[in-house]
Amino acid sequence: MKLYICEICGDAYIGEEKPTDCPFCGARGNFIKSANEAEPIAEIKAEISELSKNNLLETLGLETKANATYLCMAGQAKDYQIIKMYKRLARVELEHAIIVTKLLKIAMPEIKLEECFGEDIKNFKKTIELEDHAVELYKKFAKEAQETHVRKFFGAIMQAEAGHIELIRNYL
Ligand SMILES: [Fe+2]
Ligand SMILES: [Fe+2]
């Protein structure tokens, strides 16, 4: 057994081999390193520009909204598999929100309830809309980030959200 650390969320993973994607934040395997080599982005002590701070705050809003929306969708789903999927998606988005609070050194805001549909198919379409929007925004934020670690964060979560779109497309 070996200990691995995800440089994006900073969480540790114990296993024989490193996972292809982080089970917590969904970052690709290239961000997961042996524990002794990992440099988690939240540990990097570097100033963050006003522009990146604002972009991170907007991200926090998006991620907490996605978390609450997916919990609503999990609550509406009848199929066990869909319930499990939305619960996992909600956890991943919460993880993204937690990373932002660590980067900005702020407390997690109160997460308000969000609405969703009673039918899975409508929720799948809404999920794709939310994720598409996030991918576009994070692509822009990654370009705007002057700080290496902030750019790395946006690049990693952009890939994670794109993966969510791929996952949902399997059900459409
Ligand atoms: Fe991670
Ligand atoms: Fe996310």
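Cut-offs applied
- The numbering scheme is per chain: residues are counted from 1 as the chain's sequence reads.
- By the order in which they are written, chains take letters starting at A while ligands take numbers starting at 1.
- The model is predicted, so local features are restricted to residues of pLDDT at least 70 and side-chain atom pairs to those at 80 or more, both for listing and for counting; the totals for chains, interfaces and linings are taken over all residues.
- Here the bounds of each domain stem from an automatic or database domain assignment.
- A pair of residues counts as a contact when their C-beta atoms, built from backbone coordinates, are within 7 Å of each other.
- For this scheme, ten residues count as nonpolar: Ala, Val, Leu, Ile, Met, Phe, Trp, Tyr, Cys and Pro. Four count as charged, namely Asp, Glu, Lys and Arg, and the remainder, Gly too, count as polar.
- For the purposes of this entry, the term helix denotes a DSSP run of H or I that reaches at least four residues, the term strand denotes a run of E that reaches at least two, and both are numbered from the N terminus.
- Residue burial is a threshold on neighbouring C-beta atoms within 10 Å of the residue's own C-beta, all placed from the backbone, with 20 or more meaning buried, 12 or fewer meaning exposed, and counts in between meaning partly exposed.
- Note on definitions: a nonpolar core is a set of buried residues drawn from Ala, Val, Leu, Ile, Met, Phe, Trp, Tyr and Cys, linked by C-beta atoms within 7 Å.
- Expected span, for any helix, means 1.5 Å times one less than how many residues it has.

## Details of the domain arrangement of the protein
- For the protein, the assigned domains are domain 1 (2-41) and domain 2 (46-169).
- Using C-alpha coordinates to define each centre, domain 1 is positioned 19 Å away from domain 2.
- Every contact between the two is made by nine residues of domain 1 and, on the other side, 12 residues of domain 2.
- Across the side of domain 1 that touches domain 2, the residue classes break down as seven nonpolar, one polar and one charged.

## Comments concerning the environment of Val-92
- Its location among the elements puts Val-92 in helix H2 (residues 80-104).
- Accessibility expressed as a C-beta count within 10 Å gives 25 for Val-92, which makes it buried.
- Between the alpha carbons of Val-92 and Ala-27 there is a distance of 9.9 Å; along the sequence they are 65 residues apart.
- Setting aside residues no more than four positions away along its own chain, Val-92 makes contact with Cys-25, Gly-26 and Ala-160.

## Some remarks on the nonpolar core
- Counting residues in each nonpolar core, the largest one holds 40 residues, and the members touching the most others are Cys-6, Ile-8, Cys-9, Cys-22, Cys-25, Ala-27 and Phe-153.
- For this core, the secondary structure elements donating two or more residues are strand E1 (2-6), helix H1 (50-76), H2, helix H3 (120-144) and helix H4 (148-169).
- With nine residues, the single largest contributor to this core is H2.
- When residues of this core are sorted by domain, at least three fall in each of domain 1 (2-41) and domain 2 (46-169).
- When residues no more than four places from it in sequence are discounted, the contact partners of Phe-153 are Ile-8, Ile-41, Ile-99 and Leu-103.

## What about H3?
- In this model, H3 (25 residues) spans 36 Å end to end at C-alpha, consistent with the 36 Å of a helix rising 1.5 Å per residue.
- Of the positions making up H3, those classed as buried are Asn-123, Thr-127, Glu-131, Ala-134, Tyr-138 and Phe-141.
- Buried residues belonging to H3 abut H1 and H4.

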